[in-house]
Structures are given as structure tokens and as C-alpha cells.
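Inside the fold
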Amino acid sequence: MGVHDRMSTATRSRAGRVAAVGAAVLVLGVGGWSAASAAPAVPSLPVPIPSLPLPVPGQTYVTPTDLHGFAGTDDRIGGAREFTDALGAPPLGGTDALRLTTPTGDDKITFFTTEQAGPLAKFTSSSYYAKRDVSSTGNPVQFPSFQIPVDKNGATLETGDFSTLTFEPVYQTGANANQTAGTWNRYDTGAGLFCSTRQIGGFEANQTRCDNNGLKTLAEIIAANPGITALSAGINQGSGNGGLISAVDLLQVGTTTYNFERTAPVTPPTPGEPPNCEPPEGEHPGEWGHDEHPKGDHAKGDHGKGGPAEGDHPEGDAPKHDGPKGEHPHEDQPKGECGTS
Ligand SMILES: [Ca+2]
Ligand SMILES: [Ca+2]
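In this text, all values refer to a predicted model and were calculated from it rather than measured experimentally. (Residues numbered from 1 in each chain as written. Chains lettered and ligands numbered in written order. Predicted model: local features only at pLDDT ≥ 70, side-chain atom pairs only at ≥ 80, totals over all residues.)

1. Observations regarding the overall build of the chain
- For the chain, the count of helices and strands is two helices and 16 strands.
- The burial tally for the chain puts 27% of its 341 residues in the buried class. (Helix = DSSP H or I, 4+ residues; strand = E, 2+ residues; numbered from the N terminus. Buried ≥ 20, exposed ≤ 12 C-beta atoms within 10 Å, placed from the backbone.)

2. Observations concerning the nonpolar core
- Ranked by internal contacts, the top residues of the largest apolar core, which has 41 residues, are Ala97, Leu98, Tyr128, Phe194 and Val248.
- At five residues, strand E15 (residues 244–253) tops the list of elements feeding residues into this core.
- Sequence-distant contacts of Tyr128, defined by excluding residues within four places in its chain, comprise Phe146, Tyr187, Thr189, Val248, Leu250, Leu251 and Gln252. (Core = buried A, V, L, I, M, F, W, Y, C linked by C-beta atoms within 7 Å. Contact = placed C-beta atoms within 7 Å.)

3. Notes on the environment of Leu100
- Mapped onto the elements, Leu100 comes out in strand E4 (residues 97–102).
- In the structure, Leu100 is positioned 138 residues away from Gly238 in sequence and 9.9 Å away in space, judged by C-alpha atoms.
- In this structure, Leu100 is in contact with Arg81, Ile109, Pro144, Gln237, Ser246, Ala247 and Val248, ignoring residues within four places of it in sequence.

4. Observations regarding the pairing of strand E5 (residues 108–113)
- Burial of E5 is extensive: six of the six residues sit out of reach of the surface.
- Residues of E5 alternate between two faces, with Lys108, Thr110 and Phe112 on one and Ile109, Phe111 and Thr113 on the opposite face, all of them buried.
- The sheet contact formed by strand E2 (residues 70–71) and E5 spans two bridges and is antiparallel. Bridge assignment links Ala71 to a residue of E5, and that residue is Phe112.
- Strand direction decides the pairing type here: E5 and strand E14 (residues 233–238), joined by six bridges, are antiparallel. When the sheet's bridge partners are listed, Phe111 is paired in E14 with Ile235. (Pairing = 2+ DSSP bridges.)

Structure follows, in C-alpha cells:
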């Protein structure tokens, strides 16, 4: 091989490398680097932040520490209630729901809120989702029910005024009658049929159960009971629902939708803007104010000498802390959540 030949070989080799790089660039331009391509030295990119659930606009999150008036008002024996992801959640329902279990027919579990007390008319827009666990052993038609305790004529609750209006899927028509186990079923209670546990306007004396044709729309009940007022609203399972495991979520009344979650998602701060952790000048919200600090939160001597005695701060008087301005050693103020409420 002569000199010319060697140079030609080297030139061809360089040409081949250039072609290979060109092909690799082409691959990158079309669909990213192939495994066979040499990884280029690229500037480090921001590490993707793990996706966290974001708050759904308009939803009210009900958690074990923020119950929005919900409570078990008539729980009996072995009935149990738990915020859990065991049965998932309906569309836009986050990751969790409220699971209800009634192992025996005597068990009962409830979850009612007083936040929606008021004219029954608001319930003409209401709904909830329910899911029956496929491991349930009870009667297949049984589902958790939506209930509205009422005062039939409003104002003072007098003897004979009280009743409970109940929506049960098994007594409905159309989509409201869906009792498929293992799936989330949405029940449009506002358009559904309710029975009354007591004789109120429009219900005959023998129509105080759901299984004897005592079923009426909310509009019919409102028309027959001027002034009828909801005292609370919520979910009931049992008694008579032995072997039923279910979950409920997205209980909606009027403009409020309650999303049952173990923890409420948090809106991240806007990029480039530090979280607003400092209250406005001269204003200390009650939850940060001195009077709300649990006893023992401040060691004696933390406050300036000659300052007012404990609990004597006049309204609006900022408590004096030793730490830098804006740092309130309050254990309940979660980091990174300032300015999101
Ligand atoms: Ca949920
Ligand atoms: Ca009354």
C-alpha cells in the first residue's frame, strides 16, 4: 500500500465517522438518541419533580384532620369508617375515598355534616359516588345511602317535625339504579327518589319505609312541606347491611363537592415567587397569634423585659420572638405551604 493509498484510507475513515455523527444527529432530530448512538455531552437538565396530586378547583377536601362538620352521628357496634385508597377513587376524586364496613346486620356506620344545613331546595343539585367492594358478601343490591335529616317545616324543631329522607340506589330508576359492584357509580340524588322515615307532608301514614312505594322527588317533598329544612346531610350504611364493604366519595350539595382524602393536596407556589410566609404588617392571624400558642411554646424570658404579661397582648400586637423577623416557631405551620390557603 503506497502513501497515497494510506491517505485515502484515512480520508475514507474520517468520512465514515462524519457520516456516522451525521446519522446520529439525524436520529436525535427525529426521535431522540438511539441506544446505539454515543451519548453526547449535553447540559444537565432540571430533574423532573415527581408529580403530586393537585387540588381540583372547587372541591372541598375532607380529611381526618379537617372534617368540615362531618362526624359519625349514629355509629353502632362493629361499623367502621376509614379514609383509604383501598378501593381507589372516582374520576376527579383524588386517590382516596371513605371506606365503610358493616360486618353484621346490626352494624351501622354514618358520616354526616352540618355544613349543608338549610333550605332543602339546595339538594335539588346533589350527588355522590359509591363503590361496592367485590368481596362484599351481603345482598348485591345493598349500597351506602344518601340521607338528609330534616325539620319538615323549618324554624324550631318541635315534636313531630323530624324525619330522615333517604336515597337508596336499589329504589331508583335509570342510571341512578346502577348497582354494579367493583366500579364507581355516580348517583344523581338531586334527580332521585327519596323516602321518609316519618310521616310528613305528601307521605301517607303507611309510607314511612322505602320499600312500600313511599318514594318521592325532592321537588314533590318541598312542595308538600313548605319551609322544610335540612338539618344535616351525609352517608349511611346499615343496619341491615351485613357483609357490605363499600366506599363513597365526591359528595356534592349545591356548589360544594366534598372530596374524601387522607391528606389534602397543596397548590405549589408560583415559580419565581417565594411563598408568602409573612403576615401583613401589624397583622398576626389568630392561628399565629400569641394567644393561640400552646402553653409552654415559649420559654420564660423569650419575651422582652417589661413587656405585657402572658396573654395580655392587645389585639394586633405582634408577639416578640427572638428569631428573625417572619419566623414563627409554630409547629402547625407546614413548610412551603404559606400563601396557599
Ligand atoms: Ca377522594
Ligand atoms: Ca320546625
